Amino acid sequence: MASLLPRTISLALAAFLGRIAFRVLPKYRDMAIDNLNRSLGDNPQKNNKIAKDVFINLAKNGADWVKVNSLSKKTIKSLVTREEGKEYLDNAMAKGNGLIFLASHFGNWEFLLTYLAITGYNGSVIARRLYFHKYDELINRMRARFNTGIIYRDESPKKILRVLRDGKPLGMLADQNVESVDGVFVDLFGRPAYTPTAPARLAITTGVDILPSFMIRNKDNTYKLVIEKPVTFDKTGNKEEDVKRCTQAWTDVFEKYVREYPEQWVWLHNRWKTQPGQK
């Protein structure tokens, strides 16, 4: 039904539902506001508005995700009105050994993968199996429409390496607290944040570039694509130390964008749940 509505109407409806969710989901509302206060400074009025906008952005992402599946590639491309950093992407692709698109739960991350796929950078994405099987199948069918491959976290690492050997992009999300995966503590907004090391380990092992990538929603509901330059850090020769330095380097890039567009990150996640001494 939502896919049949004009995009302007579906986004207006999504914004309305986002405002309702902000009111009726106090657990996540309060978590978002608390995270904002502790990260950006204790400013209840300002952070309350940012938190509400987070819910609205997430609802709009859902509306666009449904809508995009019914749009032509030409129309999808028209939603992105500005691109920055595509030269980093092309340079990495020219090396022929693949690359890591390091996305985050920021802006519209699913649309980021879709847009890159239809503009000639289709590869695979590492995904977590969803408990609701039918929803998992739906998401994967929508991804498959644009030739985006799915590799689950619990599948063989050989599948990941095959994507890179074929010179294809590999999409990863690594900005949340996931206690079940290998991670290190790095600084995020002045607090230690347990952060997955998979992107850093893979990049250091294979020599591929990590490109932090963002699909930022504009105020008029168009998008801006930003591809950051490859992550660099001072190498020590000690693998574990280098993994931590690489992880901190891309986290610093991520934090910069969250500070600039705080309403576009999922503050309603308990990002700092795991603390040193608990692992």
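Residues numbered from 1 in each chain as written. Predicted model: local features only at pLDDT ≥ 70, side-chain atom pairs only at ≥ 80, totals over all residues. Heavy atoms only, no water.

Draft legend 1. Quick peek at the nonpolar core. With 48 residues, the main nonpolar core has Phe-106, Leu-170, Phe-214, Tyr-257, Trp-265 and Trp-267 as its most contacted residues. Here the element with the most residues in this core is helix α10 (residues 239-260); it accounts for 8 residues. With 23 residues, the next largest nonpolar core counts Leu-79, Ala-92, Leu-116 and Leu-211 among its residues. (Core = buried A, V, L, I, M, F, W, Y, C linked by side-chain atoms within 4.5 Å. Buried < 20%, exposed > 50% of the residue type's maximum accessible area, 1.4 Å probe, protein only. Helix = DSSP H or I, 4+ residues; strand = E, 2+ residues; numbered from the N terminus.)

Draft legend 2. How the structure looks around helix α2 (residues 26-40). With 15 residues, α2 extends 20 Å between its outermost C-alpha atoms, agreeing within 8% with the 21 Å of an ideal straight helix rising 1.5 Å per residue. Within α2, burial applies to Arg-29, Ala-32, Ile-33, Asn-35, Leu-36, Asn-37 and Ser-39. At the C-terminal side of α2, Gly-41 shows a positive phi close to 110°. (Expected span 1.5 Å × (residues − 1).)

Draft legend 3. Structural view of the packing of aromatic side chains. Within the structure shown, the criterion is met by 11 aromatic pairs. Ring plane angle 35° and centroid distance 4.8 Å describe the contact between Phe-111 and Tyr-223, whose orientation is recorded as tilted. Of this pair, Phe-111 sits in helix α6 (residues 109-118) while Tyr-223 is found in strand β9 (residues 223-227), placing the two residues 112 residues apart along the sequence. Tyr-223 carries the same exposure label as Phe-111, and that label is buried. An angle of 90° between the planes, with centres 6.4 Å apart, marks the rings of Trp-265 and Trp-272 as edge-to-face. On the basis of relative accessible area, Trp-265 is assigned to the buried category, the value being 2%. The class for Trp-272 is buried, based on a relative accessible area of 6%. Cluster of aromatic residues (ring-pair linked, three or more members): Phe-189, Phe-254, Trp-265, Trp-267 and Trp-272. Directly above the ring of Trp-272 sits Arg-191, whose terminal nitrogen or CZ lies 3.9 Å from the centroid. (Phe/Tyr/Trp six-rings, centres within 6.5 Å; stacked < 30°, edge-to-face > 60°. Lys NZ or Arg CZ within 6 Å of the ring centre and 35° of its normal.)

Draft legend 4. Summary view of the pattern of salt bridges. This structure, assessed with the given rule, holds 14 salt bridges. Bridged by salt links that share partners, the residues Arg-7, Asp-64 and Arg-217 form one connected network. (Salt bridge = Lys/Arg side-chain N within 4 Å of Asp/Glu carboxyl O.)

Draft legend 5. Local environment of a nonpolar patch on the surface. Residues Leu-13, Phe-16, Leu-17, Ile-20, Val-24, Leu-25 and Tyr-28 make up a contiguous nonpolar surface patch of about 620 Å² in total accessible area. Secondary-structure assignment places Leu-17 in helix α1 (residues 7-24). (Patch = residues over 30% accessible without salt bridge, like charges linked within 9 Å, V, L, I, M, F, W, Y side chains within 5 Å. Areas by Shrake-Rupley, 256 points an atom, 1.4 Å probe, with all protein chains shown as cover.)

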